[in-house]
Amino acid sequence: MPLTSPPLDNRRFADLRDEALARIPVHTPEWSNFNASDPGVTLVEVFAFLTESLLYRANQIPDRNRLAFLRLLGVQLQPAASASGIVAFENRTPTTFTLNADVELRAGELPFRTTRGLDVLPLEGRVYYKRSVAVDPLVLDTYEDLYASYQREPFDRLNVELYEAVPLQPRDERGVDVGAESIDGSLWVALLATKNLDPAAARREIAGKTLSLGVVPALGATDVRLLPGGQPSSEASQLVYELPLTILPDGAESRVAGYRRLDARPTADVLTMPGVVDLTLPTDLTQLDLWTNLDPLEAGVGEFPPTLDDVDFNQRLVTWLRVRPALSNGVSRALDLRLLWVGINATNVSQLANVLDELLPDGTGEPDQTVALARAPVLPGSVRLTVVVGEDEFVWEPVDDFAA
């Protein structure tokens, strides 16, 4: 997008006129008529008009000055590029299917093509975070009675923090500040089996496959941070992606909220630009399971995944994926994790179109002939030229020297 010129002075006609009139009682208290019919007020308005024109011209910084400022910051101009984005696929079948790169999609009449392949898993992803709610004494009384009757243990109501599981649905372009609005600084991605597949069969189908997680951060003009070399600082490597650890090394079932870290391969710094994170799922089915030995009052407590009352949700739940900041000296880092969208089965797309069988004018036999292609711009190295001489065909591929 084009850079917005920084305003040196954003005052307008009304601001200049009102500021000048406000100074009159200080310097000339005998001037008491500030109506538009007063000649002095007319002169003030004339000079306010002229000053506004001067400020407008001062704010129009020439391009050469803007380029010089960017060079001082270490920001180099980049060549023009096609529009890009992230798309998510929905798999309604009980099996995984793999899509190669260069699959054509359309946004209205605009053609886009996928830039990388992916495994489209038979899963549905829903994203939540734990948001703190006010402590209601009546709710605490209910929990105290439950703990007394079920666990027969004292209930520490002074150190209780209540939460609700909230879907990741931004209210505006500023996104959801997961680090500030959640009680644990984590994002929880529920992986649900498709409606024609039970969770056990879904685990067998996705074992060893690659889960593609798309992330779109919410960024503003003040979010760009430049290092001396001109490169934006990267914190994406500080994000950790984890699955529940329900089986201990000795084969026993775990009753603590443990997690196993997945190998993550991001295509970009997902905290500063939209990107896709490839996560290799384990081949062992027990590493894709959930806790089955928890008491009713243990589910959702502490670092356990959030609990939801949706019956269909719980019947289709395969596992949870937790996204959180990495630990530094045993303490979780505080990252600016503001998000607009997170989804699974995602990949990058770019606005590209294949042009086939474009007929060029007949050659004249002269050297260094130049023709113009009908569809521009053209990616270098993407043109395949076929020359027909009589019944013979000669093909040059790729062609880098062309004008469009």
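Scroll up to find the structure.
Residues numbered from 1 in each chain as written. Predicted model: local features only at pLDDT ≥ 70, side-chain atom pairs only at ≥ 80, totals over all residues. Heavy atoms only, no water.

Let's shift gears to the overall build of the chain. Each helix and strand in the chain was counted, giving 7 helices and 21 strands. Looking at the chain as a whole, 32% of its 404 residues qualify as buried. Long-range pairs, those at least 24 residues apart, make up 73% of the contacts in the chain between residues at least 6 apart in sequence. Accessible area for the chain stands at about 25,300 Å²; split by element, carbon and sulfur atoms hold 54% of it. (Helix = DSSP H or I, 4+ residues; strand = E, 2+ residues; numbered from the N terminus. Buried < 20%, exposed > 50% of the residue type's maximum accessible area, 1.4 Å probe, protein only. Contact = heavy atoms within 4.5 Å. Areas by Shrake-Rupley, 256 points an atom, 1.4 Å probe, with all protein chains shown as cover.)

Close approach of charged atoms allows side chains with opposite charge to pair. A full pass over the atoms with the stated rule returns 19 salt bridges. Note that Glu19 and Arg11 form a salt bridge whose closest N and O atoms lie 3.1 Å from each other. Taking the relative accessible area as the measure of exposure, Glu19 reaches 33% and is therefore partly exposed. Classification of Arg11 by relative accessible area gives partly exposed; the value is 29%. Residue Glu124 is joined to Arg126 by a salt bridge in which the shortest nitrogen-to-oxygen separation is 3.1 Å. With a relative accessible area of 24%, Arg126 lands in the partly exposed category. When salt bridges that share partners are traced, they join Asp102, Glu104, Arg106 and Arg113 into one network. (Salt bridge = Lys/Arg side-chain N within 4 Å of Asp/Glu carboxyl O.)

Below, the discussion takes up the sheet that holds strand S12 (residues 253-261). One open sheet accounts for 6 strands, arranged S7-S6-S9-S15-S11-S12; its pairing is antiparallel. Looking at strand neighbours, the two that pair on one side only are strand S7 (163-167) and S12, the edges of this open sheet. Across this sheet, the average inter-strand angle for adjacent strands is 30°, counted without regard to direction. Note: strand S11 (residues 239-247) against S12, 5 bridges, orientation antiparallel. Along S12, the bridge assignment pairs Pro244 with Tyr259. Against the sheet, helix H6 (residues 199-206) touches strand S6 (123-132), strand S9 (187-193) and strand S15 (317-325), its axis set at about 60° to S15. (Pairing = 2+ DSSP bridges. Axes fitted to C-alpha atoms, helices over the stretch in contact; angles between N-to-C directions.)

Purely geometric numbers; function is a separate question.
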